[in-house]
Amino acid sequence: MFLRVLTFVLSVTAAATIRKKDVTGHAMVYLAENTGQPLHRASGILYGFPENETQIPDHFFTDIGYGLAGTRTGGGQLPEPLRGWTWGYDEFMGRYNSFVHNYHTSRRFGGPVQLLIHDLWGVDFYSSFEATPLPGDNGDWAPYDSFLTTLFQHLIADNVIDGLYWDIWNEPDGSSYYGRGLDRYLDVFGHTYHRIVNEFPNPKTVGPSFGYLPNKGKQDWYVAWANFIAANNSVPTWISMHFLEDSGDLAESIAAFQSFLQPAGINYNGPFMINEYGSVNQQPRPANVAWSIAQIERHDALGLRANWRGGYELHDYMANLLGKPHTYPDVIPDEAGYWPTSSYQVYKYYNLNMTGHRVKSSMTDDGLGDVYATVGSDKVRILSGVRTGTGEWAVGVRCLSCVGLPTSGNISVHTYSFNAGGLYERFDAPQDLGVYVHSYDSDDLWIIIGQNDEWVSYAFEFEI
C-alpha cells in the first residue's frame, strides 16, 4: 500500500482564538442534539455488482453498512447480445437475468432494489434519439405493454417482488426525453405507474429521477411532473433526485423540490431518495464522499453512490469502491481478487466506527466544508470532508459537558486521514496521524483543518 505524505496542520483552540484566524468557514457539531440512530443512509450503490452473486466477498458489503438505501439495477449498458427488449426477447432476457442476480445480491444484505425499467427496455445502443424506440411512438403502446406484461410475468415467476421499487424512467429531462418532449414523458410515467399498481398489490415506485437538480435547471419539468402526478394519482413511494452537480447544497435542493410539490397539493415528508450522488470529478475523492455523507444524513435522505463506469465495468467494483487485478482497458468481468480503495475506507469507518447516536451538524457558510458526527459509548467521532477546494477551515464542537466532559480543560484528539489515490489503488486502512493534546474552554472545542489537498478526508475522535 502506498500512502501519500501530506502536510497536515491541526490545532484545537478556544473560540476566541479562532476568531483571529482567517478561516474560510466553520462547520459545527452540536453534541446536545441527538438526531437518531446511525442507519448508514448513504451506503447505497448504483449498479456495481457482478452477475456472479458471490464474486465480491460479503464483508465488502457488511463493512460499509450496505442495506438501507440499496441499489438500482436493470442490465444497463450490457452489449450485444444483452441490449434489452427493443432488440428482441433474447436480448431482454440477458438484461433481465443480470437484474435478477443483482436483486439477489442486494436482498442478501436487506437492501431494496430499484428496477430501472428503461434499461430493461433498452435505449443505450442506438445511433440517435430519433432511432431510439420509445413507449407510445406513433401513438402505439402495444410494444411497450407487451414488454411490461412479459416483465411482470417473469418477476412473479421468479419471486423477485419483495423489496422491489419501480424506477419508472431515469433522467428523462436531460435529453428532453430523447427528443419526444415533456408531454410524452408524462404519458409514459402515468401509463407505467398505473400498469404497475393494477398488477401488484401495494407496489413501491420511484420518480422522477431527473438529472437536473430542482434548484439548478429544468424547473418547468419539475412543475409539470408535480402537477401531473397529483392529477393522475401517480405519486411515487419515493420521490427521487440526483445530486451530481460540482456545486450544491442538499438543503436548497430539497426546499426547491418542495416548492414545486406543495403548490400541486403533494405533501411529501420523505425520505428523499438521492439515487445518484457524486459527480464524475468529485466522486473518487474521499473528501467528497465524507461531504456527501454529511449532506444525506443531515436530511434523513437515502443515498446511492453514483457509478461512472460503462459496459461490464458498470457492473463491478461496487461503483469504484473496490479494485482488482484487471481493470480498464483489460477488463475481466468474472475476475475476483478485490481490494478496498481509499473511498471504501471512508464508508467502512462511517459504518463500523461511527456508532451510538447521530448528533446535529451544520456545514460551513460557503458550503464547501461539512461534517457528520456520532456520540458512542466510548468516543465522539467526527467525519469531515470538502465538496471541493483547499484552504483552512474549522470544525466547532459545542457542549462538551453534554457528553460528560468538563466545560474547560485538556482533551486528546485522535486524527485519521483518508488520502488521495488512484481510482483502483489499494488502501487497507486510513492513515493514523496520531493524538494531539490541546486545551479548550467555554464548553466548546475547535478544530482547525489545513486542507492542503482537496481529495483528503479527516476523522477526529476523542474519549468521553
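What counts as what
- Residues numbered from 1 in each chain as written.
- Predicted model: local features only at pLDDT ≥ 70, side-chain atom pairs only at ≥ 80, totals over all residues.
- Heavy atoms only, no water.
- Helix = DSSP H or I, 4+ residues; strand = E, 2+ residues; numbered from the N terminus.
- Rg over C-alpha atoms; globule rule 2.2 N^0.38 Å.
- Contact = heavy atoms within 4.5 Å.
- Areas by Shrake-Rupley, 256 points an atom, 1.4 Å probe, with all protein chains shown as cover.
- Lys, Arg positive; Asp, Glu negative; His and termini not counted.
- Charge placed at Lys NZ, Arg CZ, Asp CG, Glu CD.
- Salt bridge = Lys/Arg side-chain N within 4 Å of Asp/Glu carboxyl O.
- Buried < 20%, exposed > 50% of the residue type's maximum accessible area, 1.4 Å probe, protein only.
- 1 Å grid on protein atoms, 1.4 Å probe; cavity = no way out; pocket = protein on both sides within 12 Å on 5 of 7 lines; lining within 4 Å.
- Points joined across faces, edges and corners; volume = space filled by probe spheres on them.
- Nonpolar A, V, L, I, M, F, W, Y, C, P; charged D, E, K, R; others polar.

Caption draft 1: How the structure looks around the overall build of the protein chain. Of regular secondary structure, the protein chain possesses 10 helices and 20 strands. Against the globule reference of 23 Å for 464 residues, the protein chain gives a C-alpha radius of gyration of 23 Å, in line with a compact fold. The C-alpha extent of the protein chain, read off along each of the three principal axes, is 75 × 50 × 35 Å. Looking at the protein chain alone, contacts between residues at least 24 apart form 78% of all its contacts between residues at least 6 apart. Element-wise, carbon and sulfur atoms account for 49% of the exposed surface of the protein chain, whose accessible area totals about 17100 Å². When the 29 positive and 51 negative side-chain charges of the protein chain are each reduced to one mean point, those points stand 4 Å apart.

Caption draft 2: Fine view of the pattern of salt bridges. For the coordinates displayed, the defined rule picks out 22 salt bridges. Note that Arg-95 is salt-bridged to Asp-124, the shortest N-O span being 2.9 Å. On the criterion of sequence distance, the pair formed by Arg-95 in helix α3 (residues 89-108) and Asp-124 in the loop between α4 (117-121) and α5 (142-157) is long-range, its members being 29 residues apart. The exposure class of Arg-95 is buried, given its relative accessible area of 0%. The partly exposed category is assigned to Asp-124, whose relative accessible area is 29%.

Caption draft 3: Spatial organisation of empty space enclosed by the protein. Applying the stated criterion to the full structure yields 4 cavities of 30 Å³ or more. In this structure, the largest cavity encloses a volume near 80 Å³. Looking at the largest cavity, it is lined by 14 residues, and the ones nearest its centre are Pro-284, Thr-341, Ser-343, Gly-422 and Leu-423. Residues that form the lining of the largest cavity fall into these classes: 6 nonpolar, 7 polar and 1 charged. By volume, the second largest cavity amounts to about 60 Å³. If you tally residues by element for the lining of the second largest cavity, the top one is helix α9 (residues 286-298), at 3 residues.

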